[in-house]
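Residue-level structure breakdown
Below are the chains, spelled out letter by letter.
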Amino acid sequence: MTQGWGIVGTGRVADGSVAPVLEDLSGATLVASVSRDFSKATEFASRHGGRAYERYDELLADEAVDVVYIATPNALHAEQILAAVEAGKHVFADKPLALTPEDAARVVVACEAAGVKLGINFQTRHQEGMAEIRKSLQDQEIGRPLIVECEVSPGAGGLRGWRTDPDVAGLGTINNLGVHAYDLLRWLLGQEIVEVAVLTDAARSREMETIALALLRFEHGTLGYVNANQAVRDHQPDLVIYATEGRITGRSITRPNIASGEIRVTTDVAERVIHTQTLDAFKRSVAAFNDAVQRDEDPTPSALDGLRSVELTAAMRTSAREGRSVAVSYSTPQEILERTA
């Protein structure tokens with residue numbers, strides 16, 4: 001069965017990465033798009049196909065739309081997802097799920113009550129080679145993980161447009177890039193992050209950070225370091241995992257659209273090399289969610305993963321602005337809503 005997709009928001013990722021995937025993906029087709037600027041929706045539809053709408057409620061009323069992809073500014077995600085859920089649509093949302101744990105919890109509860117699927121576009125999980133790293137760790141090929149180091153950066157481009165507005169973006173580089181690394185590490189290790197200490201270039205103010213250096217403590221004792229930045233010119237999209245019996249070194253693997261990367265698994269007795277690329281990162285992410293909808297299975301990343309990410313970044317905001325380490329507490333969506341009732 002082919003799923004009809006509607007796209008809300010016609011920006012760079014939707015236009016350059018997701019819509020082209022839907023044009024060629026088996027089992028999915030782009031049937032509609034909407035933008036606040038109708039001329040942009042019309043131009044988008046002329047490039048990628050489907051109908052153009054001027055209002056979101058018109059797209060939601062389209063019976064051919066089974067899945068809504070939310071590709072709008074961060075502050076709009078929660079209410080737009082809730083509207084899609086009320087219309088009975090499955091939702092594939094850009095990160096973050098919401099700007100607060102309370103709004104994220106509302107979304108998760110609504111999706112569960114309506115029986116619709118909600119996935120988060122953490123495409124880094126699906127990049128080529130990541131599943132092999134996860135399996136290596138699960139099989140204890142290199143022993144028990146002790147330290148993980150990860151860098152995510154697109155270069156020295158800084159923040160632009162709505163991403164410079166704290167009321168719309170929530171956080172700067174943390175929400176823009178860092179969340180991909182945090183989600184990747186908790187998925188690879190199979191551990192939640194329970195303590196964070198974060199330094200940024202925003203100097204404990206409400207300014208939007210372009211550098212975020214985070215120290216992480218995972219629940220089973222692994223320690224981590226993530227460098228998420230939009231400030232350095234000669235960046236290294238790398239990942240290293242040090243363990244009791246070896247090391248995994250990934251070069252040029254933590255960002256999308258990289259043509260050639262390498263994963264090197266080193267132990268006392270052997271070393272193996274996996275050549276990889278991340279050119280199809282968004283295709284893998286979109287295909288995984290579309291397949292979950294077709295199979296009536298929980299997507300990965302899931303709605304709960306989206307909530308956990310928002311709970312984590314809330315703790316990171318506190319750490320950065322108060323200059324201290326912060327314990328990260330996690331709750332069920334129902335517990336969060338009960339606290340705020």
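Okay, so let's go over this structure. (Residues numbered from 1 in each chain as written. Predicted model: local features only at pLDDT ≥ 70, side-chain atom pairs only at ≥ 80, totals over all residues. Heavy atoms only, no water.)

1. As for a nonpolar patch on the surface
Residues L146, I147, L223 and Y242 make up a contiguous nonpolar surface patch of roughly 310 Å² in combined accessible area. Tracing the backbone through its elements, the reader meets Y242 in strand β11 (residues 239-243). A relative accessible area of 34% means that Y242 is categorised as partly exposed. (Patch = residues over 30% accessible without salt bridge, like charges linked within 9 Å, V, L, I, M, F, W, Y side chains within 5 Å. Areas by Shrake-Rupley, 256 points an atom, 1.4 Å probe, with all protein chains shown as cover. Salt bridge = Lys/Arg side-chain N within 4 Å of Asp/Glu carboxyl O. Helix = DSSP H or I, 4+ residues; strand = E, 2+ residues; numbered from the N terminus. Buried < 20%, exposed > 50% of the residue type's maximum accessible area, 1.4 Å probe, protein only.)

2. So, unusual backbone geometry
The linkage connecting K95 with the following residue, P96, adopts the cis geometry, with an omega of -10°. Note on placement: P96 falls in the loop between β5 (90-93) and α5 (101-114). Put simply, T300 and P301 share a cis peptide bond, and its omega is 0°. Phi at Q140 takes a positive value of approximately 55°, unusual for a residue other than glycine. One can find Q140 in the loop between α6 (130-138) and β7 (145-152). Judged by relative accessible area, which is 56%, Q140 ranks as exposed. Positive phi is not limited to glycine here, since D296 has a value of about 55°. Tracing the backbone through its elements, the reader meets D296 in the loop between α9 (281-295) and α10 (303-322).

3. Notes on the nonpolar core
Counting 74 residues, the largest nonpolar core has L59, I81, I133 and V196 as its most contacted members. For this core, the element with the highest residue contribution is helix α8 (residues 173-189), accounting for ten residues. Every residue in contact with L59, bar those within four places of it in the chain, is listed here: G6, I7, V8, A32, S33, V34, Y53, V65 and V68. (Core = buried A, V, L, I, M, F, W, Y, C linked by side-chain atoms within 4.5 Å. Contact = heavy atoms within 4.5 Å.)

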